[in-house]
Amino acid sequence: MHTKQKAWLYCRIDAPEDTHGALKQQKEKLDGYARQMGFEVVGASEDLGSGLDYNRAGLKDAMAAAKEGEVDALIVHSVSRIGRNTAKTVDFLRQLNGCGVKVYSPLEGEISVGRQAKLSSPLLG
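Everything in this summary refers to the structure shown in the same document. The shown structure was predicted, so the numbers you read here are calculated from the model rather than taken from an experiment.

**Section: the pairing of strand 5 (residues 109-113)**
Okay, step 1: Bridge count between strand 4 (residues 102-105) and strand 5: three bridges; the pairing is antiparallel. Note that in strand 5 the partner of Tyr104 across the bridge is Glu110.
Okay, step 2: The antiparallel hairpin formed by strand 4 and strand 5 contains three residues in its connecting segment.

**Things to note about the environment of Leu9**
Okay, step 1: Positionally, Leu9 belongs in strand 1 (residues 6-13).
Okay, step 2: By relative accessible area, which is 1% here, Leu9 ends up buried.
Okay, step 3: When the C-alpha atoms of Leu9 and Gly58 are compared, they prove to be 9.9 Å apart, with 49 residues separating the residues in sequence.
Okay, step 4: Those residues in contact with Leu9 that lie beyond four places of it in its chain are Lys27, Leu30, Asp31, Ala34, Val41, Gly43, Ala44, Ser45 and Ile75.

**Here's the deal with the nonpolar core**
Okay, step 1: Of all hydrophobic cores here, the largest spans 21 residues; its most connected members are Leu74, Val76, Ile82, Phe92, Leu93, Leu96 and Val103.
Okay, step 2: Only strand 1, helix 2 (57-67), strand 3 (73-76), helix 3 (79-82), helix 4 (86-98) and strand 5 provide two or more residues apiece to this core.
Okay, step 3: Per element, the largest residue contribution to this core is five residues, and it comes from helix 2.
Okay, step 4: With residues up to four places along the chain from it excluded, the contact list for Leu96 reads Met63, Ala66, Leu74, Val101 and Val103.
Okay, step 5: One finds Leu9, Cys11, Ile13 and Leu23 within the second-largest nonpolar core, a separate group that totals 12 residues.

**A look at the pattern of salt bridges**
Okay, step 1: Summed over the entire model, instances satisfying the criterion amount to three salt bridges.
Okay, step 2: One salt bridge in this structure joins Asp31 and Arg35, with 3.1 Å as the shortest N-O distance. Of the two residues, Asp31 and Arg35 both sit in helix 1 (residues 22-36), four residues apart, roughly one turn of that helix.
Okay, step 3: The partly exposed category is assigned to Asp31, whose relative accessible area is 23%.
Okay, step 4: The salt bridge partner of Asp47 is Arg56, with a shortest N-O separation of 3.5 Å.
Okay, step 5: Since its relative accessible area comes to 8%, Asp47 is described here as buried.
Okay, step 6: Given a relative accessible area of 4%, Arg56 falls into the buried group.

Calculation criteria
- Every residue gets a number counted from 1 within its own chain, in the order that chain's sequence is written.
- Where totals are concerned, whole chains, interfaces and linings use all residues; where local detail is concerned, this predicted model gives features only for residues with pLDDT of at least 70, and gives and counts side-chain atom pairs only at 80 or more.
- The side-chain figures draw on all heavy atoms in the structure; neither hydrogens nor water molecules are used.
- For two strands to count as paired, DSSP must find a minimum of two bridges between them.
- Numbering of helices and strands runs from the N terminus; a helix is a DSSP stretch of H or I covering at least four residues, while a strand is a stretch of E covering at least two.
- Burial here depends on accessible area, computed with a 1.4 Å probe over protein chains only, as a share of the maximum for the residue type. Under 20% is buried, over 50% is exposed, and the range in between is partly exposed.
- Contacts are assigned to residue pairs that have any heavy atoms within 4.5 Å of one another.
- We define a nonpolar core as any set of buried Ala, Val, Leu, Ile, Met, Phe, Trp, Tyr and Cys residues linked to one another through side-chain atoms lying within 4.5 Å.
- A pair is scored as a salt bridge if a Lys or Arg side-chain nitrogen falls within 4 Å of a carboxyl oxygen belonging to Asp or Glu.

Right, here's the structure in full:
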């Protein structure tokens, strides 16, 4: 029996308040994308704050799920939702990859990290 791959949704916006429901809209888009890709959504987390701060509760929750083997994929709106510091983002992606977790974005497709520490997505080149 084939089981669906499990996905975690991660959303982040910079604004200190979410007056226009941007997080909810982001999550709904990610949920639709995950289901379209055939994933079973097993968890989600979100953060309000700067992409330069990697000590965020929602990001930690996503990594904890990866380390526990609970998920096969992390779905983000774009790689910039993980963070705005390239070196730290690459390190985060490598940790996920080490847990067997792939990262996907409806805007960028599969986001992977090559051996040269370069982010690879259709938009990044």
